[in-house]
Amino acid sequence: MPGNEKELQRLREAARDCKACPLWRHATQTVFGEGPADARVLLVGEQPGDQEDLQGHPFVGPAGKLLDRALIDAGVDRRAVFVTNVVKHFKYELRGKRRLHKKPIQREIDACYQWLEREIALLEPRVIVCLGATAAGALLGREFRVSTRRGQLVRSDLAPNVFATIHPSAILRIRDAAERERAYEQFVADLKLIPGLE
C-alpha cells in the first residue's frame, strides 16, 4: 500500500513538530506509531516510556519486550501489527537521575488524540486492541473499565473488532512471581482473540 505508506510518513513528520500540549518541552522526541501501512491489527498503548523516548520507537522498552513475547505466545506475527500510543511524548518525573513514568492528564490526551485518529483513519484496521486504561478511555469512553470488560468485543465505529486488555507494564509491576505469571497467561489469552478477528 504505497499511498498509505507515504501518508503515514507525512503524518509522522507532521507529528514531530507537535506542540499542542506542554509535554514536548521535556521529551527527547515525538514517538509515532510503527508497523506496516496495511496492518490489519492496531495495538494502542498509553504513551512512550523512557526507552521509547530515547530511541524514538514505540514498545521497545521492557513492556515492549514483554508484549513481543506475549504476541509470539498468542500466535500473532508482530511484524504484521501496527503499534502506537494515545500520547506521543513521554511524560515523566525525575527521581534522582531516573525518569519515572507519569500518567498523562485528559488535556494532554485530548491534544494528542488527533494523531491517533489519523493513524486509525489511514490504517482502517480490522482489529484494535486497547492496551490499558488510558487507551481504552481515549477510544472507548472514560466510563469504560478494563478491569470488568477486558477481552470483550466492544461495538465501535473505529474498527469492526475492538477490545481492551491490560497494558504489559502492569504485568511488570507485579512483585509476586506466581501472580505475575497468571497475569501474563491472561494477557496472552486476551491476545489470542486477535487471529480469529483479523
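Residues numbered from 1 in each chain as written. Predicted model: local features only at pLDDT ≥ 70, side-chain atom pairs only at ≥ 80, totals over all residues. Heavy atoms only, no water.

## Regarding the sheet that holds strand β5 (residues 127–131)
And then number 1: Pairing within the open sheet is parallel, and its 4 strands lie in the order β2-β1-β5-β6. The strands lining the two open edges of the sheet, one partner per strand, are β2 (81–85) and β6 (161–165). Neighbour to neighbour, the strand axes of the sheet diverge by 20° on average, direction disregarded.
And then number 2: Relative to β5, strand β1 (residues 41–45) runs parallel, the two sharing 4 bridges. Note on β5: the bridge partner recorded for Val-44 is Cys-130. (Pairing = 2+ DSSP bridges. Helix = DSSP H or I, 4+ residues; strand = E, 2+ residues; numbered from the N terminus. Axes fitted to C-alpha atoms, helices over the stretch in contact; angles between N-to-C directions.)

## A short note on the side chain of Lys-91
And then number 1: Structurally, Lys-91 can be placed in the loop between β2 and β3 (92–95).
And then number 2: Setting aside residues up to four positions removed in sequence, Lys-91 forms contacts with Leu-23, Gln-47, Leu-100, His-101, Lys-102, Lys-103, Pro-104, Ile-105 and Glu-108. (Contact = heavy atoms within 4.5 Å.)

## Quick notes on unusual backbone geometry
And then number 1: With a phi close to 55°, Phe-59 is a non-glycine residue in the positive phi region.
And then number 2: Here Phe-59 is to be found in the loop between α2 (50–55) and α3 (62–74).

## Looking at the pattern of salt bridges
And then number 1: Under the criterion given, the structure shown has 9 salt bridges.
And then number 2: The closest approach of N and O atoms between Arg-78 and Asp-68, which form a salt bridge, is 2.9 Å. Note that Arg-78 is positioned in the loop between α3 and β2 and Asp-68 in helix α3, a separation of 10 residues in sequence.
And then number 3: By relative accessible area, which is 27% here, Asp-68 ends up partly exposed.
And then number 4: In this structure, Lys-88 engages Glu-119 in a salt bridge whose closest nitrogen and oxygen atoms are separated by 2.8 Å. Remark: Glu-119 occurs in helix α4 (residues 106–123) and Lys-88 occurs in the loop between β2 and β3; sequence separation between them is 31 residues. (Salt bridge = Lys/Arg side-chain N within 4 Å of Asp/Glu carboxyl O. Buried < 20%, exposed > 50% of the residue type's maximum accessible area, 1.4 Å probe, protein only.)

## Examining helix α8 (residues 177–191)
And then number 1: Its 15 residues give α8 an end-to-end C-alpha distance of 21 Å, which sits within 8% of 21 Å, the value for a rise of 1.5 Å per residue.
And then number 2: All of the buried residues along α8 are Ala-183, Tyr-184, Phe-187, Val-188, Asp-190 and Leu-191. One side of α8 carries all its buried residues, which in axial view fall inside an arc of 155°.
And then number 3: Looking at the buried positions of α8, the neighbouring elements they touch are α3, β5, β6, α7 (168–172) and α9 (193–197).
And then number 4: For α8, the N-terminal cap is Asp-176; the gap from its side-chain oxygen to the backbone nitrogen of Ala-178 is 3.3 Å. (Expected span 1.5 Å × (residues − 1). Arc of directions from axis to C-beta. Polar contact = N/O pair within 3.5 Å; in protein donor to acceptor, adjacent residues only side chain to side chain.)

## Structural notes on helix α5 (residues 133–140)
And then number 1: Inspection of α5 places Thr-134, Ala-135, Ala-136, Gly-137 and Leu-139 among the buried residues, and these make up the whole buried set.
And then number 2: Contacts made by the buried residues of α5 are with β1, α4, β5, α6 (146–149) and β6.

## Details of the packing of aromatic side chains
And then number 1: Considering all chains together, one arrives at 1 aromatic pair under this definition.
And then number 2: Over the aromatic face of Tyr-184 sits the side chain of Arg-69, whose NZ or CZ is 4.1 Å from the ring centroid.
And then number 3: The ring of Phe-32 has Lys-88 sitting right over it, with the charged end atom 5.5 Å from the ring centre. (Phe/Tyr/Trp six-rings, centres within 6.5 Å; stacked < 30°, edge-to-face > 60°. Lys NZ or Arg CZ within 6 Å of the ring centre and 35° of its normal.)

## Comments concerning the nonpolar core
And then number 1: One finds Leu-43, Phe-187, Leu-191 and Ile-194 to be the most contacted residues of the largest nonpolar core, which totals 57 residues.
And then number 2: Here the element with the most residues in this core is α4; it accounts for 7 residues.
And then number 3: Sequence-distant contacts of Leu-43, defined by excluding residues within four places in its chain, comprise Leu-67, Leu-71, Val-81, Phe-82, Val-83, Thr-84, Val-129, Leu-131 and Ile-194. (Core = buried A, V, L, I, M, F, W, Y, C linked by side-chain atoms within 4.5 Å.)

## Thoughts on the pairing of β6
And then number 1: When you tally the buried positions in β6, you get 5 out of 5 residues, the bulk of the element.
And then number 2: The side-chain alternation of β6 yields two buried faces, one formed by Asn-161, Phe-163 and Thr-165 and the other by Val-162 and Ala-164.

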